[in-house]
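Next come the chains, spelled out residue by residue.
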Amino acid sequence: MNAIFHDMIGKFMEVYIDDVVVKSATKAKHLADLRRSFERMRAHGLKMNPLKCAFGVTAGNSLGFLVHWRGIEVDKNKARTIIEAQPLRNKKELQKLIGQITYLERFISNRAGRIHTFSPLLKLKSEEHFRWEKHHQHVFESIKEYLVNPPILMPPRKKQPLKLYISAADESIRIIVREKLLAEVFAIEVEEDIEENDWRTPIVDFLKNPDPKVDKKLKIKFLKFVMIDGDLFRKSIKDDLLLRCASKKEAMKVMGEAHEGICGAHQAGIKMKWLIGRYAYYWLEMLKDCITYAKGCQACQRHGPIHRAPAIELQPIIKPGPFRGWVMDLIRKVYPPSSKQHCFIIVVTDYFTKWVEAVPMKSVHQEDVIRFIKQHIIHRFGIPESNHD
């Protein structure tokens with residue numbers, strides 16, 4: 001469907017699997033858009049079910065929201081669930097409320113700032129007491145009042161003034177300031193030009209003086225880079241953003257700031273690599289360097305989880321021949337049981353050959369286990385030297 005309507009989607013048509021919506025600003029344009037859509041369907045042999053088609057719809061409920069000529073509005077039933085809610089009694093009810101508010105987050109300005117008061121309650125452990133106090137109820141009532149008359153999402157219109165209203169909490173502004181400081185720290189001035197042994201050198205040489213004799217694979221690789229004002233950038237694969245190519249010296253400073261700088265949180269290597277990419281930096285073996293840097297961080301080693309492996313080497317159990325020693329395990333009651341009411345499984349494995357014997361059982365009393373050992377081990381393989389649970 002997306003391939004058939006590729007030049008219409010996003011303009012006057014939206015497609016989801018086998019559902020098609022044609023939207024227009026005026027009736028005249030709507031007829032023209034429908035004609036184009038029907039001609040495209042006929043050309044590709046698509047058929048529609050008349051019982052499931054609706055034409056000339058001016059308002060309707062879509063994905064839980066009310067869509068009409070003015071814009072998109074909150075469904076009253078969705079908002080009524082929050083407005084009529086009683087004071088919360090436990091953490092589970094609070095989590096349910098947060099989910100309902102998040103569903104309507106596009107219609108609630110500064111949603112994160114409004115529900116920030118509930119954060120300590122969400123962090124409570126199961127054994128801690130849930131206490132819904134007056135300031136929690138006050139915030140809850142303010143959200144209810146807001147949803148009584150929520151805003152309507154409207155698209156911008158041509159030749160009409162567009163007013164941009166921004167509401168930000170102190171926490172949001174603090175985060176933006178930190179990111180700006182981090183970006184300024186990352187803006188490292190390179191004292192010298194690209195060194196001869198730098199990984200960027202052959203790429204820069206090719207971009208300045210393209211050589212037709214260069215290998216085709218290298219040429220394709222080099223075309224992913226671009227020079228801007230003497231700096232080398234790489235085109236991002238996902239979103240075509242420009243990532244600044246850093247030298248090894250710059251990479252160490254960038255990793256240091258990202259891992260343990262102003263906004264550093266001592267992330268692991270994979271998360272640190274993602275964070276550096278978010279700040280538009282790139283170099284070869286980026287993931288490998290981030291993992292190595294994180295492993296070598298003294299603070300991470302000092303405050304990280306304790307390694308509980310035994311201090312001595314493990315002593316493996318070695319048997320000189322097959323069926324000399326067995327290890328036995330019991331799989332607990334399985335739900336639902338089989339048609340023959342078997343709900344337990346006894347499993348034994350030979351140390352030498354790794355041969356496995358498994359038998360389903362209705363019960364695991366002493367007599368059942370003895371019968372299993374006799375029939376499936378002793379009678380078939382002989383008396384074992386040892387048997388471990």
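Residues numbered from 1 in each chain as written. Predicted model: local features only at pLDDT ≥ 70, side-chain atom pairs only at ≥ 80, totals over all residues. Heavy atoms only, no water.

A. Region of the structure containing the overall build of the protein chain. Helix and strand content of the protein chain: 14 helices and 13 strands. Among the 389 residues that make up the protein chain, the fraction classed as buried is 28%. A separation of at least 24 residues holds for 49% of the contacts in the protein chain among residues at least 6 apart in sequence. (Helix = DSSP H or I, 4+ residues; strand = E, 2+ residues; numbered from the N terminus. Buried < 20%, exposed > 50% of the residue type's maximum accessible area, 1.4 Å probe, protein only. Contact = heavy atoms within 4.5 Å.)

B. Spotlight on the nonpolar core. Formed by 24 residues in total, the largest nonpolar core has its most connected members in Trp199, Phe225, Ile276, Tyr282 and Trp283. Listed by contribution, the elements that provide at least two residues to this core are α8 (201-208), β8 (242-245), α10 (248-260), α11 (269-278), β9 (281-282) and α12 (286-295). Per element, the largest residue contribution to this core is 4 residues, and it comes from α10. Those residues in contact with Phe225 that sit more than four places away from it in its chain are Trp199, Ile203, Leu207, Leu232, Phe233, Arg234, Cys245 and Tyr282. Membership of the second largest hydrophobic core comes to 23 residues, among which are Ile115, Leu121, Phe130 and Phe140. (Core = buried A, V, L, I, M, F, W, Y, C linked by side-chain atoms within 4.5 Å.)

C. Quick peek at the pattern of salt bridges. This model, assessed by the stated rule, comprises 10 salt bridges. In this structure, Asp33 and Lys29 form a salt bridge, with 3.2 Å as the shortest nitrogen-oxygen distance. In this pair, Asp33 and Lys29 are both assigned in helix α1 (residues 27-43), 4 residues apart and thus about one turn of the helix distant. We classify Lys29 as partly exposed; its relative accessible area is 41%. Residue Glu93 is joined to Arg89 by a salt bridge in which the shortest nitrogen-to-oxygen separation is 2.7 Å. Residue classification places Arg89 among the exposed residues on the basis of a relative accessible area of 66%. Residues participating in the shared-partner salt-bridge network are Arg200, Arg244 and Glu250. (Salt bridge = Lys/Arg side-chain N within 4 Å of Asp/Glu carboxyl O.)

D. The arrangement of the packing of α10 against α12 in detail. Two elements in contact, α10 and α12, have axes separated by 11 Å at closest approach and are oriented at 55 degrees. It follows that α10 is oblique to α12 by the angle criterion. Our pair here, α10 against α12, has a crossing hand that is right-handed. Here α10 contributes Lys248, Met252, Met255, Gly256, His259 and Glu260 to the contact with α12, which in turn contributes Asp289, Cys290, Tyr293 and Ala294. A breakdown of the residues in the contact of α10 with α12 according to their chemical character gives 5 nonpolar, 2 polar and 3 charged. (Axes fitted to C-alpha atoms, helices over the stretch in contact; angles between N-to-C directions. Parallel < 35°, antiparallel > 145°, perpendicular 65-115°, else oblique. Left-handed = near helix turned anticlockwise from the far one by under 90°. Nonpolar A, V, L, I, M, F, W, Y, C, P; charged D, E, K, R; others polar.)

E. Region of interest: the packing of aromatic side chains. This structure, assessed with the given rule, holds 8 aromatic pairs. An angle of 70 degrees between the planes, with centres 6.2 Å apart, marks the rings of Phe38 and Phe55 as edge-to-face. Of the two residues, Phe38 sits in helix α1 while Phe55 sits in the loop between α1 and β3 (59-62), which places them 17 residues apart along the sequence. With a centroid separation of 6.5 Å and an interplanar angle of 15 degrees, the aromatic rings of Phe130 and Trp132 are classed as stacked. Under the relative-accessibility criterion, Phe130 is labelled buried at 12%. Since its relative accessible area comes to 17%, Trp132 is described here as buried. (Phe/Tyr/Trp six-rings, centres within 6.5 Å; stacked < 30°, edge-to-face > 60°.)

F. Structural detail: the sheet that holds strand β7 (residues 231-235). Spatially, β6-β7-β8-β9 is the arrangement adopted by the 4 strands of the open sheet, whose pairing is mixed. Edge positions in the sheet fall to β6 (225-228) and β9, since each of these pairs with one other strand and no more. Direction of pairing for β6 relative to β7: antiparallel, over a ladder of 4 bridges. In the strand pairing of β7, Met227 is matched with Leu232. (Pairing = 2+ DSSP bridges.)

G. Just the side chain of Arg234, in detail. You can see Arg234 is positioned in strand β7. Setting aside its immediate chain neighbours within four residues, Arg234 contacts Lys224, Phe225, Leu241, Leu242, Leu243, Cys245 and Tyr282.

H. Spatial organisation of the sheet that holds strand β4 (residues 65-68). Strand order in the open sheet formed by 3 strands is β3-β4-β5, with antiparallel pairing between adjacent strands. Both outer strands of the open sheet, β3 and β5 (72-74), are each paired with one neighbouring strand and no more. Going from strand to strand, the sheet's axes swing by 30 degrees on average, the running direction of each strand aside. The sheet contact formed by β4 and β5 spans 3 bridges and is antiparallel. For Leu66, the partnering residue across the bridge sits in β5 and is Glu73.

I. Spatial organisation of the side chain of Arg244. Within the fold, Arg244 resides in strand β8. Accessibility expressed as a relative area gives 16% for Arg244, which makes it buried. Here the side chain of Arg244 touches Glu250 through a polar contact of 3.2 Å, side chain to side chain. (Polar contact = N/O pair within 3.5 Å; in protein donor to acceptor, adjacent residues only side chain to side chain.)

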